[in-house]
Amino acid sequence: WWGDEVPDLRWNFTIAAVTAGAYLVRRGSLPAPVRDTWVPLGLLLLQAINTTFVTQFFAVDPELSLRWSTQFWKLVVTFFLFSGIVRTPRALDLVIMFMIIGAGYWGWDALDNRRVRGRLEGIGSGDTQNSNLLAAHLLTIIPMMILVAAMKKKPVWMRVVAIVATPLVINLLILGNSRAGTLGLLVAGASAFILVRRGLRKHIVMGALAAGLALFVLADPQFIARQQTISSADDNSSQSRLDLWRGAVGMIADYPLGAGGRGFHVL
């Protein structure tokens, strides 16, 4: 409701422009850059160049492809700013905490919402209005939230925020009722246990047990019934995915270098 009185500006662009300007002026005051970010930044840059190349020469709808290529270049700029500015553990902690607080607020906001055809839609930001997209976003936050809550080395206020947000975010994942989200959560938990260094594995186990308990307590009959269809080959959703994959294989054969942004949808 309060948005009605806010000026209709390009807020994301404005924030990015101010951040980029501040970074260019004050980057000398920051610690040395973290080299671990150079490889993903380089790969993102190569992919962005590729989107421009494909748009120019192979796109089935050049105008539409240019729009999505521009979106990808924006991701490169965003990643560049994050990797350029976030250079200390404290700065990274603050970024993670804002993500946890934001997801926790979405969970709080969703308490009064009702599902549509068994799934929660229209919650969060512009990129999470679909329940599957919401689940994909939450899956990047839940592992970090569990670690922050379980690690005694973290400040008390951070652990308290993470502990309070955890049931809200788990409940939000349940309300979204995404089967892909549930599978992703299981894979994320298993991957975290394998990839994390040994000293943190006990925290992962403790956090996974707590998250599993929250999932067990909060899960409702609608969620349980839908998750039980994950292995069903007769499900319409499963069949539609198989059709999409067949179409994708055919498109790769016809356009081995790519069909441009949203080329799959156009074809």
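Owing to the predicted nature of the structure, the values given are computational and were not obtained by experimental measurement.

1. Regarding the overall build of the protein
Of regular secondary structure, the protein possesses 11 helices and 0 strands. Listing every helix and strand of the protein by position from the N terminus yields α-α-α-α-α-α-α-α-α-α-α. Dimensions of the protein along its principal axes, counting C-alpha atoms only, are 60 × 55 × 50 Å. Summing over all exposed atoms, the protein offers an accessible surface of approximately 17700 Å²; the carbon and sulfur share of this is 67%. A gap of 15 Å separates the mean positions of the 25 positive and 16 negative side-chain charges of the protein.

2. Remarks on the pattern of salt bridges
When their charged atoms lie close together, side chains carrying opposite charge are able to pair. This model, assessed by the stated rule, comprises 2 salt bridges. A salt bridge links Asp-93 to Lys-154, with the nearest nitrogen and oxygen atoms 2.8 Å apart. Highlighted residues: Asp-93 in helix α4 (residues 89-109) and Lys-154 in the loop between α5 (131-150) and α6 (156-176), separated in sequence by 61 residues. The salt bridge involving Asp-243 is made with Arg-246; its shortest N-O contact spans 2.8 Å. In this pair, Asp-243 and Arg-246 are both assigned in helix α10 (residues 236-254), 3 residues apart and thus about one turn of the helix distant. The exposure class of Asp-243 is partly exposed, given its relative accessible area of 48%.

3. So, the nonpolar core
Nonpolar side chains in soluble globular proteins tend to end up buried together. The biggest cluster of nonpolar side chains holds 29 residues, and the ones touching the most others in it are Ile-100, Leu-138, Ile-142, Met-145, Val-148 and Leu-172. Secondary-structure elements contributing two or more residues to this core are α4, α5, α6 and α8 (198-218). Filtering out sequence-adjacent residues up to four positions away, Val-148 remains in contact with Ile-96, Met-97, Ile-100, Lys-154, Met-158, Arg-159 and Ala-162. With 6 residues, the next largest nonpolar core counts Leu-147, Ala-192, Val-196 and Leu-200 among its residues.

4. Remarks on the confidence of the model for the protein
In this model, the protein carries a mean pLDDT of 87, and residues with pLDDT of at least 70 account for 99%. The least confident element of the protein, judged by mean pLDDT, is α8 at 77; the most confident is helix α2 (residues 38-57) at 95.

5. With respect to the packing of α5 against α6
Between α5 and α6, the least distance of the axes is 9 Å, while the angle of their chain directions is 150°. It follows from the interaxial angle that α5 and α6 lie roughly antiparallel. Between α5 and α6 the crossing geometry is left-handed. Between α5 and α6, the residues in contact are Ser-131, Leu-134, Ala-135, Leu-138, Ile-142, Met-145, Val-148, Ala-149 and Ala-150 and Met-158, Arg-159, Ala-162, Ile-163, Ala-165, Thr-166, Val-169, Ile-170, Leu-172, Leu-173 and Gly-176, respectively. For the contact of α5 with α6, the residue count by class is 16 nonpolar, 3 polar and 1 charged.

6. Details of α5
Across its 20 residues, α5 extends 28 Å between first and last C-alpha, which sits within 8% of the 28 Å expected from 1.5 Å per residue. The largest bend in α5 amounts to roughly 30° and is located at Leu-139, with the proline Pro-143 lying one to four residues further along.

7. A short note on the packing of aromatic side chains
Applying the stated rule across the entire model yields 3 aromatic pairs. Taking the centre distance of 5.7 Å and the plane angle of 90° together, the rings of Tyr-23 and Phe-80 count as edge-to-face. In this pair, Tyr-23 sits in helix α1 (residues 11-26) while Phe-80 sits in helix α3 (residues 62-85), placing the two residues 57 residues apart along the sequence. For Tyr-23, a relative accessible area of 11% translates into the label buried. Put simply, the rings of Phe-53, Phe-57 and Phe-58 touch in pairs and so form one group of aromatic residues. Note that Arg-262 overlies the ring of Trp-68, its terminal NZ or CZ placed 3.8 Å from the centroid.

8. Here we look at the environment of Ala-32
Relative to the elements of secondary structure, Ala-32 occurs in the loop between α1 and α2. Once the C-alpha coordinates of Ala-32 and Thr-88 are considered, the two residues, 56 residues apart in sequence, prove to be 9.3 Å apart.

9. Quick look at the layout of surface pockets
What the second largest pocket holds in volume is close to 270 Å³. Ile-146, Leu-185, Gly-189, Ala-208 and Ala-211 are, among the 16 residues lining the second largest pocket, the residues nearest its centre. Along the lines of polarity and charge, the residues of the lining of the second largest pocket split into 12 nonpolar, 4 polar and no charged.

10. A closer look at the environment of Val-169
Along the chain, Val-169 falls in helix α6. The class of Val-169 is buried, set by a relative accessible area of 0%. For Val-169 and Tyr-105, which are 64 residues apart along the polypeptide, the C-alpha to C-alpha distance reads 8.7 Å. The residues touching Val-169, leaving out its near neighbours within four places in the chain, are Ala-103, Gly-104, Leu-138, Ile-142 and Met-145.

What counts and what doesn't
- Residues numbered from 1 in each chain as written.
- Predicted model: local features only at pLDDT ≥ 70, side-chain atom pairs only at ≥ 80, totals over all residues.
- Heavy atoms only, no water.
- Helix = DSSP H or I, 4+ residues; strand = E, 2+ residues; numbered from the N terminus.
- Areas by Shrake-Rupley, 256 points an atom, 1.4 Å probe, with all protein chains shown as cover.
- Lys, Arg positive; Asp, Glu negative; His and termini not counted.
- Charge placed at Lys NZ, Arg CZ, Asp CG, Glu CD.
- Salt bridge = Lys/Arg side-chain N within 4 Å of Asp/Glu carboxyl O.
- Buried < 20%, exposed > 50% of the residue type's maximum accessible area, 1.4 Å probe, protein only.
- Core = buried A, V, L, I, M, F, W, Y, C linked by side-chain atoms within 4.5 Å.
- Contact = heavy atoms within 4.5 Å.
- pLDDT = per-residue confidence, 0-100.
- Axes fitted to C-alpha atoms, helices over the stretch in contact; angles between N-to-C directions.
- Parallel < 35°, antiparallel > 145°, perpendicular 65-115°, else oblique.
- Left-handed = near helix turned anticlockwise from the far one by under 90°.
- Nonpolar A, V, L, I, M, F, W, Y, C, P; charged D, E, K, R; others polar.
- Expected span 1.5 Å × (residues − 1).
- Bend = angle between axes of the 7 residues up to and from the residue.
- Phe/Tyr/Trp six-rings, centres within 6.5 Å; stacked < 30°, edge-to-face > 60°.
- Lys NZ or Arg CZ within 6 Å of the ring centre and 35° of its normal.
- 1 Å grid on protein atoms, 1.4 Å probe; cavity = no way out; pocket = protein on both sides within 12 Å on 5 of 7 lines; lining within 4 Å.
- Points joined across faces, edges and corners; volume = space filled by probe spheres on them.

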